[in-house]
There are 2 protein chains.
Amino acid sequence: MKYSEMDKQALESEKQKCVERLRKYSKDDISLDLSRGKPSKEQLELSMKMLDVLDHHSLLDSESGQDCRNYGGLDGIPEAKRLLAHMMGTHSVNTIIGGNSSLTIMYQLISHGMTDGICGSTPWQEVKGRKFLCPVPGYDRHFAITEHFGFELVPVPMNSDGPDMDVVEKLVSSDDKIKGIWCVPKYENPTGIVYSADVVRRFAALKPAAEDFRIFWDNAYCVHNFDGKCAEIPDIISECDKAGNSDLVYEFCSTSKITFPGSGISAVASSPANLIDIRAFLKFATIGPDKINQLRHARFFRNSAGLRAHMKKHAAIMKPKFDAMYKVLNEELDGLGIAEWTVAKGGYFASYDTLPGCARAVVEMAAEHGVKFTPAGSTYPHGNDPQDSNIRLAPSFATVDEIESAVTVLALCTKIVSIDKLLK
Amino acid sequence: MKYSEMDKQALESEKQKCVERLRKYSKDDISLDLSRGKPSKEQLELSMKMLDVLDHHSLLDSESGQDCRNYGGLDGIPEAKRLLAHMMGTHSVNTIIGGNSSLTIMYQLISHGMTDGICGSTPWQEVKGRKFLCPVPGYDRHFAITEHFGFELVPVPMNSDGPDMDVVEKLVSSDDKIKGIWCVPKYENPTGIVYSADVVRRFAALKPAAEDFRIFWDNAYCVHNFDGKCAEIPDIISECDKAGNSDLVYEFCSTSKITFPGSGISAVASSPANLIDIRAFLKFATIGPDKINQLRHARFFRNSAGLRAHMKKHAAIMKPKFDAMYKVLNEELDGLGIAEWTVAKGGYFASYDTLPGCARAVVEMAAEHGVKFTPAGSTYPHGNDPQDSNIRLAPSFATVDEIESAVTVLALCTKIVSIDKLLK
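1. Examining the overall build of chain A
Working step 1: The secondary structure content of chain A amounts to 13 helices and 13 strands.
Working step 2: Its C-alpha radius of gyration of 23 Å places chain A within 12% of the 22 Å reference for a compact globule of 424 residues.
Working step 3: Counting only C-alpha atoms, chain A reaches 75 × 55 × 35 Å along its principal axes.
Working step 4: Residue pairs at least 24 apart in sequence account for 76% of intrachain contacts in chain A once pairs closer than 6 positions are excluded.
Working step 5: With the model as given, the accessible surface of chain A reaches about 15800 Å², and the carbon-plus-sulfur share is 50%.
Working step 6: The average position of the 49 basic charges and that of the 56 acidic charges among the side chains of chain A differ by 2 Å.

Set out below in structure tokens:
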């Protein structure tokens, strides 16, 4: 029975039960953290053998013949380009390998737009009122980069198959101050949503008012499925080509959640013109990415099949955690009309919505009982969720037992806060 | 006998002999490269055991207890901070670890000045006619960064103990559009000059007109001596403190020429206020540097003594190369009055000066005989050496035999070009 259909007495009795049950969870005894998309120790163990791939006996030449131990090369070695290009579903020729973080490449590109201008356009620093589209809920670190560089962040609602393309098309085609959009096309952070083929093609066919508008296509979870079958979406780069929009997109990926976060390799893929524009500033910004670490990754995985096999091991660890989370959510909250959540089939997150005006209070109450969630609002530009309803769930780092406890606390807090709201 | 004191006949005869000798060197037979400051393969071998330091049995926790395999930490791990701080002669608390290249940190800092402003000052992008001081001869990649960001590059002459401080003091104190200066204080690129204590202290005591003026103190060769005794210079950071100028300097170093170029670790050291300013943009620009590679370096060297012992092995490889170079230069050119060169006691380079107007012709003629030098002019801002006399010598990558041949070609070309000039 929905809470909204219950009378005052029933609600008060229900609240009493929840308060009673919540007493079991005290921050003196428990300290659980579902706030960060960190791989668990068990996942990190999966890549430990990568540390054995190179030793002092190894020949550290790339397949190109280049000595990976020395200076040289802005693009990365061919075997690393191939590995990450194929992971994204594109070609080596479209790909440049970066350092240990794709976020750094994104930051560099926005910074490049600010000071140099994209492909010779007016530097964004000179564009007063510059804007960036932010599908919501989304990834706080994306939003933060553009906030740092003084963009007005324009929220765009998410549907179940991706951003609302009617809104995106209308905004992008009518306002030349809009310079880009943040996208996580597969297993989005935090919704877990996979963009539909139609959404991908509508992105590729955008007709931006600004010549220097770019889609920032962060394919961070492109191979991170839970059930052995990876969602397939059209390759954005070839779709842009087909639509006569070759220069519209920058695509990103990394191995941060495949091998070791912070010690992985990253990549950007784009059109020939964009890659020329990127190399033109990269040659000043770096002596080139870490080729030994590229070699280590390329030899560890060997090829896409090796990578897929590795991701199955991740999935075997991740799936039970998400299952445990959904089980508690369903048992505790199904049919009450006070919370909704997305069911992710990959990635690191799910998105959870309370009744409007409850998210902050729920997160605060959970913290009082020893359970930490991502701060409410952080999935929105400037940390401001106008509905105050969204909470990001990140169960990867915790154990199944911890997740059961943490999500039980989440559910109980949601119930109590919702009842208080309904009784007001 | 000096060429300038020889008569026409003697010069023509001398030229004839040189042409004769140069015939032995044909680009069909030889291909020598003294253009790049690359470690040789023999040097790279010195660090191969670093690849064995971590394997799948290793505990990858930092001494702080942090799991280096996972996300977290903007500053780097304590053992890496200590290693690089002590290498520079400063303290961990002043130090942030970067990625695989100190050049990237320098680029990021200039870029930060451009878009954000240094410590809250006006963004440099808004400063028309912004300038940067470039001691000459100097490092082309330094100059290139500031050229890329639209600075006017102002050359400053080098004395034998560092930049001409009379010039530096006068310029810096009188012009608030001057926002920084590039310095390589030890074994400078390309002169090999070590700054004197007096020069270091005069730098620390500068009274810049611009509040956001910064010294870019690239201590790239701080431990790279040839003869077991490293030149000691005052610690710029504590000197700035003493002078009441704490925020005046950014100091940089890396292991690029200690372990593997491109796969090393780097650092920036500065004042508390500057480090706060740096972290304030770094938190958007990166998920943090590669902690596993930091751990690999820290465990390989253990401490400063381990690092010094390692540098002695580099010196044993480098010294014979520089000795071979000087031997040929002395034998071929001493007393002729047509060339001068610096005698480096560390670093990767020496600086070679022809008669004015000869450097380009010498480099071109050498190339025709199979020997490649750094393009003449590249040690000056915008690649423009107004005297056309400076050539950078980089003997690290070649073998002793190759160096003897290459420097012989250099000497012969210098003689021929000089005679042609004198006979004109």
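Moving on from the model shown.
2. Quick notes on unusual backbone geometry
Residues and elements named next belong to chain A.
Working step 1: The peptide bond linking Val136 to Pro137 adopts the cis configuration, its omega dihedral lying at -5°.
Working step 2: You can see Pro137 is positioned in the loop between strand S3 (131–136) and helix H5 (140–148).
Working step 3: The phi dihedral of Asp388 is positive, around 45°, even though this residue is not glycine.
Working step 4: Its location among the elements puts Asp388 in the loop between strand S12 (371–373) and strand S13 (390–393).

3. As for the packing of aromatic side chains
We describe a pair of aromatic rings using the distance from one ring centre to the other and the angle between the two ring planes.
Working step 1: Under the definition given, this model contains 38 aromatic pairs over all chains.
Working step 2: Each ring, one from Tyr250(A) and one from Phe252(A), has its centre 6.5 Å from the other, and the planes form 55°; the classification is tilted. Phe252(A) shares its class with Tyr250(A); the two are buried.
Working step 3: Between Trp341(B) and Tyr352(B) the ring centres are 6.5 Å apart and the planes differ by 15°, which places this aromatic pair in the stacked class.

4. Some points on the pairing of S13(A)
All names here are of chain A.
Working step 1: Both faces of S13 are covered, namely the face carrying Asn390 and Arg392 and the face carrying Ile391 and Leu393.
Working step 2: Across four bridges, the pairing between strand S11 (residues 350–354) and S13 is antiparallel. In the strand pairing of S13, Asp353 is matched with Asn390.

5. Points about the side chain of Glu239(B)
Working step 1: Assignment of secondary structure puts Glu239(B) in helix H8 (residues 236–242).
Working step 2: Filtering out sequence-adjacent residues up to four positions away, Glu239(B) remains in contact with Val200(B), Arg201(B), Ala204(B) and Pro234(B).

6. Details of the pairing of strand S8 (residues 249–254) of chain A
Residues and elements named next belong to chain A.
Working step 1: With six of six residues buried, S8 is to be regarded as a mostly interior element.
Working step 2: In this sheet, S8 lies alongside strand S7 (residues 214–218) in parallel orientation, the contact comprising four bridges. Counted as the bridge partner of Asp218 is Phe252 from S8.
Working step 3: Pairing of S8 with strand S9 (residues 266–269) involves four bridges; the strand directions are antiparallel. Residue pairing across strands places Phe252 opposite Val268, the latter belonging to S9.

7. A closer look at the relation of the copies chain A and chain B
To go from the first copy of the chain to the second, apply a rotation about an axis and then a shift along the same axis.
Working step 1: Overlaying chain A on chain B yields an RMSD of 0.0 Å, the required transformation being a rotation through 180° with an accompanying axial translation of 0.0 Å. Both chain copies can therefore be described as sitting about a two-fold axis.
Working step 2: Comparing interface residues between copies, 98% of those in chain A also lie at the interface in chain B; the contact surface is shared.

8. Some thoughts on the interface of chain A and chain B
Working step 1: Taken together, the 59 residues of chain A in the interface contact 58 residues of chain B.
Working step 2: Of the roughly 5000 Å² buried at the junction of chain A and chain B (both faces included), carbon and sulfur atoms supply 51%.
Working step 3: The largest share of the area that chain A buries against chain B comes from Arg69(A), Tyr71(A) and Phe284(A), three residues that together contribute 17% of it.
Working step 4: The partner of Arg69(A) in a salt bridge is Glu45(B), with the nearest N and O atoms 3.0 Å apart.
Working step 5: Across the contact surface, chain A and chain B share 27 residue pairs in polar contact (both at pLDDT 80 or more).
Working step 6: Listed by contribution, the elements that provide at least two residues to the side of chain A that touches chain B are helix H2 (41–45), helix H4 (102–115), H5, helix H9 (272–285) and helix H10 (291–301) of chain A.
Working step 7: A per-element tally of the side of chain A that touches chain B places H4(A) first, with six residues.

Cut-offs and rules
Along each chain, numbering runs from 1 in the same order as the chain's sequence is written. Each chain is given a letter, starting from A, and each ligand a number, starting from 1, according to the order in which they appear as written. The predicted nature of this model means local features are confined to residues of pLDDT at least 70 and side-chain atom pairs, given and counted, to a pLDDT of 80 or more, with totals for whole chains, interfaces and linings taken over all residues. To obtain the side-chain values, all non-hydrogen atoms of the structure were included, while hydrogens and water were left out. Secondary structure elements are taken from DSSP: a helix is a run of H or I of four residues or more, a strand is a run of E of two residues or more, and numbering for both begins at the N terminus. Our radius of gyration is a C-alpha quantity, and the globule rule it is checked against amounts to 2.2 Å times the number of residues to the power 0.38. Working rule for contacts: check all heavy atoms of both residues, and any pair within 4.5 Å makes them a contact. For the accessible areas, the method is Shrake-Rupley and the probe is 1.4 Å, while residue cover comes only from the protein chains on display. Think of it this way: Lys and Arg go in the positive column, Asp and Glu in the negative one, and His and the chain ends go nowhere. Think of each charge as sitting on NZ of Lys, CZ of Arg, CG of Asp or CD of Glu. When the centres of two rings from Phe, Tyr and Trp lie within 6.5 Å, Trp using its six-membered ring, the rings pair. Their planes under 30 degrees apart give stacked, over 60 give edge-to-face, and anything left gives tilted. Here's how the labels work: a residue is buried when its accessible area is under 20% of the maximum for its type, exposed when over 50%, partly exposed in between, all with a 1.4 Å probe on protein chains only. Only when DSSP finds a minimum of two bridges between them are two strands counted as paired. We superpose the copies by least squares over the C-alpha atoms of residues that have a pLDDT of at least 70 in both of them. Reported buried area values correspond to the accessible surface (1.4 Å probe) lost by two parts on association, with both partners' losses combined. Salt-bridge detection follows one rule: a side-chain nitrogen of Lys or Arg within 4 Å of a carboxyl oxygen of Asp or Glu. Any pair of nitrogen or oxygen atoms within 3.5 Å is treated as a polar contact; in protein, a donor-acceptor pairing is required on top of that, and neighbouring residues in sequence qualify only through side-chain atoms on both sides.

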